[in-house]
Every structure is written in structure tokens, then in C-alpha cells.
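Analysis of the macromolecular model
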Amino acid sequence: MTVHAVGIIGAGQMGSGIAQVFAVAGFDVLLMDQHAQKLTEALAYIETNVDRQVARGKITSDAKRAALARIRTTQKIEEFGSSDLVIEAATEQEALKLTIFESLKPHVRRDAILTSNTSSISITKLAGRTAHPERFMGLHFMNPVPVMQLVELIRGIATSDDTFHTVLSVVERLGKTPVSAADFPAFIVNRVLIPMINEAVYVLYEGVGSVRDIDLSMKLGANHPMGPLELADFIGLDTCLSIMGVLNDGFADPKYRPCPLLIKYVEAGWLGRKTGRGFYDYGADEPIPTR
């Protein structure tokens, strides 16, 4: 199957980034969200990002105009009937994703491929809510999508070889680098990354080091480009907690127990950059550690 038209569900940061890279690569894109304001913000976000690419000489002004013209928006899931490939990029909540795929059933073509950008949830379980689980798989982009090179490809228990190879060819057309991950909780990247972040929160919780000292130690001592607490704020503490919950439930191993301090920050609504406060306060010109 050759993919020309791509439908994306969710116009947040991930969905917007995915829409951008597909449009720039020449695909027709339908971006859907229930909220009109989200769609307006997404288009503005995409245009700003593409303008940066033009300024850096990565694409031409003509290519920018053509890419933006390829993106349509909608608030109606019924419009996905023309999509060859559908990518769900909603919030990392299992119940929400299951509902979305249940709702898609009557509106997508029999030969369409459905995928989820989930960073941790069982692909096999999500596929079970579709009419054709053999045409379903995980397609996990990294954040920020236009910058990050890696894409995880995750096969469910029923995913066919044709589906996998079609999606693999799409990722290669985007100029991204695919890796294949088995359908275990959090796959590869977040299986390694999020427990490391959780451990950094434990180090803070136990008073071993301050926010500044923990992040500086990992940047200078392990050559990480961002400290783990700074990275947690960038990802979103609610997302980190959700992934730790999936790991904890999936493996029933105490090493995946979410740190109580992470839980408290999420309960307080301190979710990181998107709320202006997490392990850092983003209200000033420079982020200020909150502990």
C-alpha cells in the first residue's frame, strides 16, 4: 500500500509536530481536534516552526507554502474516510485512546492503517478496539517531532508484515530513523528514560541533592544535554507519572513505583513547562528551581 493521505487525531504539541513533518515531506494531512482553539494554535505553531526551517535554509519559501497548503483541519472524526494512514496522538490516557479507536471504526476504510503515538500503552490492547487489528501498530515519535530523528515502530500481536513494512517505508520517506520495539510496557526509550527520571525525583525527595545539583550532576557528570528534572518538566510531569503507572502495573515490580514527590507535584497541577511550574518555576526570564 502506498500512503498519500494521513489523518492525525490530536492537535497538541505532538500532533502538531507530526502534522508538520508529514506536510513538509509531501503528504496530505488532516489534523483533527475537538477544540477549534487547539487547531488554530496548532496551525500557528506549525507555521512558526516552518518559518524557522526557511530561515535556516532547510526548505525554501515555496516549499513552506506548499507544506502549509497540504494541511486541513477538522473537528469531526467522520472525515477520516479518505485517510490511508491514521495516527492517534491524543493525551497519554488509555481510556481516551480506546474510546477514539472505537469511534473510528465506522469511518475509516477497510484498507486504512491505524496507528497510535502512545509512549507506553499496550499496542495489542489498543488494536483490540479496531475492526482490523492486523492493520494496527504503534508509531511513536519523539518530542519535539520536527527535531528528533528517532521513531519507534511497535507491532501488536496481530500486526501483519504488510502493515509493518508500509509504516516503515512511511517513516523512511519522512527522513526519520526507525527502530523496532516489542510490545512491552513503555517500549525502548521510555522503558529506560522514565525510570531514570523517577529515580532523579527520588534523589530530590530523599534530600540527596537539590534540583540544581541533580541536573548539573547529570549534565556534567554523564554528558546529558538536559538534566533529568529539567527534562521531566519538558515532557510533562503528568506524562511521566502516567508512564510510570503503566510500567508499575505492567511489571508489578517495586522498582517502577512512582516517587511520592512526583505524585504530589502532579496533584498540585505543577506539570512543568506547560503549566509554568514543575521542578522549575518558569515565571521569570530564567527558570528557577522550586526545591
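Everything numeric in this text was worked out from a predicted model, so none of it was measured.

We now examine the overall build of the protein. The helix and strand tally for the protein stands at eleven helices and ten strands. Here the C-alpha radius of gyration of the protein, 19 Å, is about what a compact globule of 291 residues would show, namely 19 Å. Expressed as lengths along the three principal axes of its C-alpha atoms, the size of the protein is roughly 55 × 45 × 35 Å. The buried share of the protein, reckoned over its 291 residues, is 46%. Sequence separation of at least 24 residues holds for 66% of the intrachain contacts in the protein that already meet a minimum separation of 6. Of the roughly 13,600 Å² that the protein leaves accessible, carbon and sulfur atoms contribute 53%. Side-chain charges of the protein comprise 29 positive and 33 negative groups, with the mean position of each set lying 2 Å from the other.

Turning our eyes to something else, we now look at the domain arrangement of the protein. Domain parsing of the protein yields domain 1 (5-182) and domain 2 (189-289). For domain 1 versus domain 2, the distance between C-alpha centres works out to 27 Å. Listed per partner, the contact involves ten residues of domain 1 and six residues of domain 2. Buried surface at the junction of domain 1 and domain 2, both sides included, amounts to about 650 Å², of which 58% is carbon and sulfur. When residues of domain 1 are sorted by the area they lose upon contact with domain 2, Glu 92, Ser 119 and Ser 120 head the list and together hold 48% of the total. Across the domain 1-domain 2 interface, the total number found is zero salt bridges. The tally of links between domain 1 and domain 2 comes to three residue pairs in polar contact (both at pLDDT 80 or more). In terms of residue class, the side of domain 1 that touches domain 2 is built from four nonpolar, four polar and two charged.

A few words on the UniProt feature "binding site: NAD(+)" (unreviewed entry) in the protein. UniProt's entry tags Gly 10, Ala 11, Gly 12, Gln 13, Met 14, Gly 15, Asp 33, Glu 92, Lys 97, Ser 119, Asn 143 and Lys 274 with the feature "binding site: NAD(+)" (unreviewed entry), counted in the numbering of this structure. Checked against the lining of the largest pocket, the annotated residues just named reduce to Gly 10, Ala 11, Gly 12, Gln 13, Met 14, Gly 15, Asp 33, Glu 92, Lys 97, Ser 119, Asn 143 and Lys 274. Relative to the assigned elements, Ser 119 resides in the loop between strand S5 (113-116) and helix H5 (123-127). Classification of Ser 119 by relative accessible area gives buried; the value is 9%. Filtering out sequence-adjacent residues up to four positions away, Ser 119 remains in contact with Glu 92, His 140, Ala 186, Phe 187, Asn 190 and Ile 243.

A few words now on the pairing of strand S2 (residues 28-32). Buried residues dominate S2, accounting for four of its five residues. Of the strand pairs in this sheet, strand S1 (residues 5-9) and S2 are connected by five bridges, and their pairing is parallel. Following the sheet pairing, Ile 9 is matched in S2 by Met 32. Bridge count for S2 against strand S3 (residues 71-74) is four bridges, and the pairing is parallel. In the strand pairing of S3, Leu 30 is matched with Arg 72.

Attention shifts here to the sheet that holds S1. In any sheet, the strands associate via hydrogen bonds between backbone groups, in a parallel or an antiparallel arrangement. The strand order S3-S2-S1-S4-S5-S6-S7-S8 describes an open sheet built from eight strands, whose pairing is mixed. Unpaired on one side and paired on the other, S3 and strand S8 (177-181) mark the two borders of the sheet. The sheet shows a mean angle of 25° between the axes of neighbouring strands, direction not considered. Each of S1, S2, S3, strand S4 (85-88) and strand S6 (136-141) is contacted by helix H1 (residues 13-24), which is oriented at about 170° to S2, the strand it contacts most.

Approximately 1,500 Å³ is the volume found for the largest pocket. Residue lining of the largest pocket: 50 residues in total, with Gln 13, Met 14, Asn 143, Ile 235 and Thr 239 positioned closest to the centre. Of all the elements in the fold, those that place two or more residues in the lining of the largest pocket are H1, helix H4 (94-104), S6, helix H7 (189-205), helix H9 (228-235) and helix H10 (237-251). Counting residues per element, the lining of the largest pocket draws most heavily on H4, at five residues. Class assignment for the residues of the lining of the largest pocket results in 23 nonpolar, 19 polar and eight charged. Counting residues domain by domain, the lining of the largest pocket receives three or more from each of domain 1 (5-182) and domain 2 (189-289). Roughly 240 Å³ of internal volume is contained in the second largest pocket. What lines the second largest pocket is simply Gln 20, Tyr 45, Asn 49, Arg 52, Gln 53, Arg 56, Lys 58, Pro 144, Pro 146 and Val 147. With four residues, helix H2 (residues 36-55) is the largest single contributor of residues to the lining of the second largest pocket. Taken together, the residues of the lining of the second largest pocket break down into four nonpolar, three polar and three charged.

About the cut-offs
- Residues numbered from 1 in each chain as written.
- Predicted model: local features only at pLDDT ≥ 70, side-chain atom pairs only at ≥ 80, totals over all residues.
- Heavy atoms only, no water.
- Helix = DSSP H or I, 4+ residues; strand = E, 2+ residues; numbered from the N terminus.
- Rg over C-alpha atoms; globule rule 2.2 N^0.38 Å.
- Buried < 20%, exposed > 50% of the residue type's maximum accessible area, 1.4 Å probe, protein only.
- Contact = heavy atoms within 4.5 Å.
- Areas by Shrake-Rupley, 256 points an atom, 1.4 Å probe, with all protein chains shown as cover.
- Lys, Arg positive; Asp, Glu negative; His and termini not counted.
- Charge placed at Lys NZ, Arg CZ, Asp CG, Glu CD.
- Domains from an automatic or database assignment.
- Buried area = accessible area lost by both parts, 1.4 Å probe.
- Salt bridge = Lys/Arg side-chain N within 4 Å of Asp/Glu carboxyl O.
- Polar contact = N/O pair within 3.5 Å; in protein donor to acceptor, adjacent residues only side chain to side chain.
- Nonpolar A, V, L, I, M, F, W, Y, C, P; charged D, E, K, R; others polar.
- UniProt positions renumbered as here; feature names shortened; annotations may be inferred.
- 1 Å grid on protein atoms, 1.4 Å probe; cavity = no way out; pocket = protein on both sides within 12 Å on 5 of 7 lines; lining within 4 Å.
- Pairing = 2+ DSSP bridges.
- Axes fitted to C-alpha atoms, helices over the stretch in contact; angles between N-to-C directions.
- Points joined across faces, edges and corners; volume = space filled by probe spheres on them.

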